[in-house]
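Examination of the molecular architecture
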Amino acid sequence: MILSGLSLTTLLGIFGAMAAATLAFYILRLRRRAVSVPFSPIWQRVLKDKEATHWFSQLKRWLSLLLQLLIVLLLVFALGDPRLSDKWFEGRNIVVLVDTSASMAASDVQPSRIEVGKKQLTDLVNSLSGTDRMLIAEMGAAPRAVSTMTSDTAELTRASQSIRTKDTRADFERGIRFALDSLRGLPKAEIVVISDGAAHQGDELSARFLGDPALEHVTLRQLPVGSGGKNVAVTAFSVRRYPLDKSRYEVLLEVTNFQPEAAVVEITLIGDGETVDVTRLSLEPNERMPRSYHDLSGASRTLEARVALVGSEPVQPGVEPGAPVVVDQLSKDDSGYALMPERRRVRVLLVTAGNRYIEAALLLDEYLDVTVITPSDALPRAEFDVSILDGVAPELRASHGARLYLNPPPGVPLAHKSPQPILDFGFDSWDRKSPFLRWAAMGNVQVAKGFAFKPETADHVEGESDQGPILVSGKRDGQRFLATGFDPRDSDFVLRVGWPLFLLNAINTFASEDTSYISSYRTGEVWNVPVPSGLNQVSLRTPSGLEETVPVKDGNAVYFGEYAGFYELRGPGGEVLSAFAANLIDAEESQLKPAEELVVGHKTAEKVTVSSTGVRLEVWLYLLLAACAISAIEWFTYHRRVTV
């Protein structure tokens, strides 16, 4: 027997104080009242009988006192919450894994799968015996314990009510291994999985646990949830700006019908909180339909796609005919989120003796802030993102940004392959995946004269002729560069559409606006979000409006994301450093048909039948019942004058 409540020393002190008070009240109860009665010789005989039963009367009074002290002892001992030793009664050790993946928010069972699962969990907690112990854990992308291993039903009930679904899939392997580690070395070990099994990986999960010795001594049980229902989902969503007109953009969206019957869906695009486009599509059973939206405008930062089933239910009062009816039984996958890169002005320094072809091409992008100087002018001290050097190679500072050399002199930034110029050449080969040459047909470019470069080992040849490299990129003194081996005016390049594309591609690549930007992350993964240098800690504002402190490692904020929506990264002073979006894009999680069984290794999970409240073995409860029973007996015997 062990005490889980107050210590033995404390209990002895409480018992001593209450016993003294009981004795004092008992003595006061024994005070006799003086009563006048007529005398008669008969009373002499009564007094003789009373003397004969004197010892019996004393015994009855002492018995009353002992009963009252026993009641006090039972009440005080109950405060210690005594527990039976495991050596007498060995209970079960149970780990309950509650699936908190996105599919558990489905409403195919009322009010939702997760609420039904929590009700089953509460019934399971109430069915425990006093020696059983339970640990409750959420099973999402990563398992998380919400209670200790305990037999305290109050703690377990609170833990079960705190469970919430996440916008992720459930990682069954991690969850099962967490449960096995928690039960290692414990007797009568059980794992109970409360899940719809929507994405438990089937045979793959079973194969990963084959031969696992930790599974041999564990009983595996399952409480299935869900019945299947209607669902359509956004299964792909991305957005990008046009390179020449970044006020406009295009969208790639994919919608999937996860049901065995045809459906009509309504797709709404929302930019910066305002509706941009509304489209209706017809989907065949289990059809996946990609759709592109071209030349859109009206959004500068945030873009959201929403899909809804259009039902044939009777029109409700106040609802327009043909309006979408909420029949989709999983809303978590009905939205996609994307954040377009913020349009900032790129600062460009142009050093030229005069070149209308360059200046005209730079006018195509209204977000370019161009500063033009001649080679004889002093270099400005201002900071620039890109410097374009037309036939010259001045000594630039780091603040002048990346460099685009057009027909540079020998030695800067590259040595010439030969001091003699080359004549009548073109691009015989080029890197078709190069960001500098996107949408440019370089095979048609003809050059009258120029020279070939002699690149260094770390340099990258973007294009070359049969006489050597004529377009090379690399890095010098920590700054990126791109160099052409000819003056564009000595070619027909400046007369082609590819010329302004080439310049704008180079500026965009150097400014790193498109290439390094991540518009959305995937939930259920660790995110590494770039932050400005010098910060060791930042805060993250989640889609629900909460702010969480996030550590910074190697220049990135490290965060495990579990919810879809828009996020803001904020500095120590509360200023917004950056923003990004997160999406639940998981076709398996959107499939609402529950799994028929759960197989782990060679074990098939048994179905759990939750019984009514179990037999509790908490000793304090029986001590209170005994105290009440003895008190009732003492009251009855006292008023019947048996113990007086």
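Look up: the structure comes first, before these words.
Now for a description of the structure that goes with this document. (Residues numbered from 1 in each chain as written. Predicted model: local features only at pLDDT ≥ 70, side-chain atom pairs only at ≥ 80, totals over all residues. Heavy atoms only, no water.)

**Side note on the overall build of the chain**
Looking only at helices and strands, the chain has 11 helices and 36 strands in total. For the chain, buried positions account for 45% of its 644 residues. Summarising the internal contacts of the chain: among those between residues at least 6 apart in sequence, 71% fall at separations of at least 24. Accessible surface, the chain: about 33,000 Å² in total, of which carbon and sulfur atoms supply 55%. (Helix = DSSP H or I, 4+ residues; strand = E, 2+ residues; numbered from the N terminus. Buried < 20%, exposed > 50% of the residue type's maximum accessible area, 1.4 Å probe, protein only. Contact = heavy atoms within 4.5 Å. Areas by Shrake-Rupley, 256 points an atom, 1.4 Å probe, with all protein chains shown as cover.)

**Observations concerning the packing of aromatic side chains**
For the coordinates displayed, the defined rule picks out 15 aromatic pairs. The residue whose ring lies beneath Arg-291 is Tyr-293, and the NZ or CZ to ring-centre distance is 5.2 Å. The side chain of Arg-432 reaches across the aromatic face of Trp-430, ending 4.1 Å from its centre. (Phe/Tyr/Trp six-rings, centres within 6.5 Å; stacked < 30°, edge-to-face > 60°. Lys NZ or Arg CZ within 6 Å of the ring centre and 35° of its normal.)

**Points about helix H4 (residues 113–126)**
For H4, which comprises 14 residues, the first-to-last C-alpha distance of 20 Å matches the rise-based estimate of 20 Å (1.5 Å per residue) to within 8%. Among the residues of H4, those classed as buried are Arg-113, Ile-114, Gly-117, Lys-118, Leu-121, Thr-122, Leu-124 and Val-125. Buried residues along H4 sit against strand E3 (93–99), strand E4 (133–139), helix H5 (153–161) and strand E6 (189–195). (Expected span 1.5 Å × (residues − 1).)

**Focus on the environment of Asp-385**
Structurally, Asp-385 is set in the loop between strand E16 (368–373) and strand E17 (386–390). The exposure class assigned to Asp-385 is buried, which follows from its relative accessible area of 15%. As for Asp-385 and Arg-403, which are separated by 18 residues in sequence, their C-alpha atoms are 8.9 Å apart. Asp-385 has contacts with Arg-344, Arg-345, Val-346, Arg-347, His-400, Gly-401 and Ala-402, leaving out every residue within four places of it along the chain.

**A short note on the environment of Ser-247**
Topologically, Ser-247 is positioned in the loop between strand E8 (232–241) and strand E9 (249–257). Here the alpha-carbon distance between Ser-247 and Ala-299, two residues 52 residues apart in the chain, equals 8.1 Å. If sequence neighbours within four positions are ignored, Ser-247 has contacts with Leu-296 and Ser-297.

**Topic: the pairing of strand E14 (residues 335–339)**
For E14, the buried fraction is high: five of the five residues fall into the buried class. Here E14 shows no split at all, with Ser-335, Tyr-337 and Leu-339 on one side and Gly-336 and Ala-338 on the other all buried. Here strand E13 (residues 302–309) pairs with E14 via five bridges, running antiparallel. Within E14, the position partnered with Arg-306 by the bridge is Ser-335. (Pairing = 2+ DSSP bridges.)

**Digging into the sheet that holds E17**
Ordered by their spatial adjacency, eight strands build an open sheet running E16-E15-E17-E18-E26-E25-E24-E21, and the pairing between neighbours is mixed. Of all the strands in the sheet, just E16 and strand E21 (429–430) have a single pairing partner and so form its edges. Two elements, strand E18 (residues 402–406) and strand E26 (residues 479–484), share four bridges in a ladder whose sense is parallel. Bridge assignment links Leu-404 to a residue of E26, and that residue is Leu-482. Helix H9 (residues 498–511) contacts strand E15 (346–351), E16, E17, E18, strand E25 (468–476) and E26 of the sheet and is inclined by roughly 155 degrees relative to E18. (Axes fitted to C-alpha atoms, helices over the stretch in contact; angles between N-to-C directions.)

**Description of the side chain of Asp-459**
When you line up the elements, Asp-459 lands in the loop between strand E23 (453–454) and strand E24 (460–465). Judged by its relative accessible area of 12%, Asp-459 falls in the buried class. Here the side chain of Asp-459 touches Glu-456 through a polar contact of 2.8 Å, landing on its backbone nitrogen. (Polar contact = N/O pair within 3.5 Å; in protein donor to acceptor, adjacent residues only side chain to side chain.)

**Things to note about unusual backbone geometry**
In this chain, Gln-110 is followed by Pro-111 through a cis amide linkage whose omega measures -5 degrees. Relative to the assigned elements, Pro-111 resides in the loop between E3 and H4. Note that the residue after Val-412, namely Pro-413, is joined by a cis bond; omega there is -5 degrees. The topology assignment puts Pro-413 in the loop between E18 and strand E19 (415–416). Positive phi outside glycine occurs at Asp-272, with the angle close to 55 degrees. Here Asp-272 is to be found in the loop between strand E10 (263–271) and strand E11 (274–283). The backbone phi angle of Asn-407 is positive, close to 60 degrees, even though this residue is not glycine. Residue position: Asn-407 is located in the loop between E18 and E19.

**A short note on the sheet that holds strand E33 (residues 576–583)**
Spatial ordering of the open sheet is given by E27-E33-E32-E29-E30-E31-E28, a layout of seven strands whose pairing is mixed. Looking at strand neighbours, the two that pair on one side only are strand E27 (520–522) and strand E28 (525–530), the edges of this open sheet. Averaged over all pairs of adjacent strands, the angle between strand axes in this sheet comes to 35 degrees, irrespective of strand direction. Inspection of the sheet shows strand E30 (residues 547–553) paired to strand E31 (residues 556–561) by two bridges, in the antiparallel sense. Its bridge partner being in E31, Val-552 is matched across the sheet by Ala-557.

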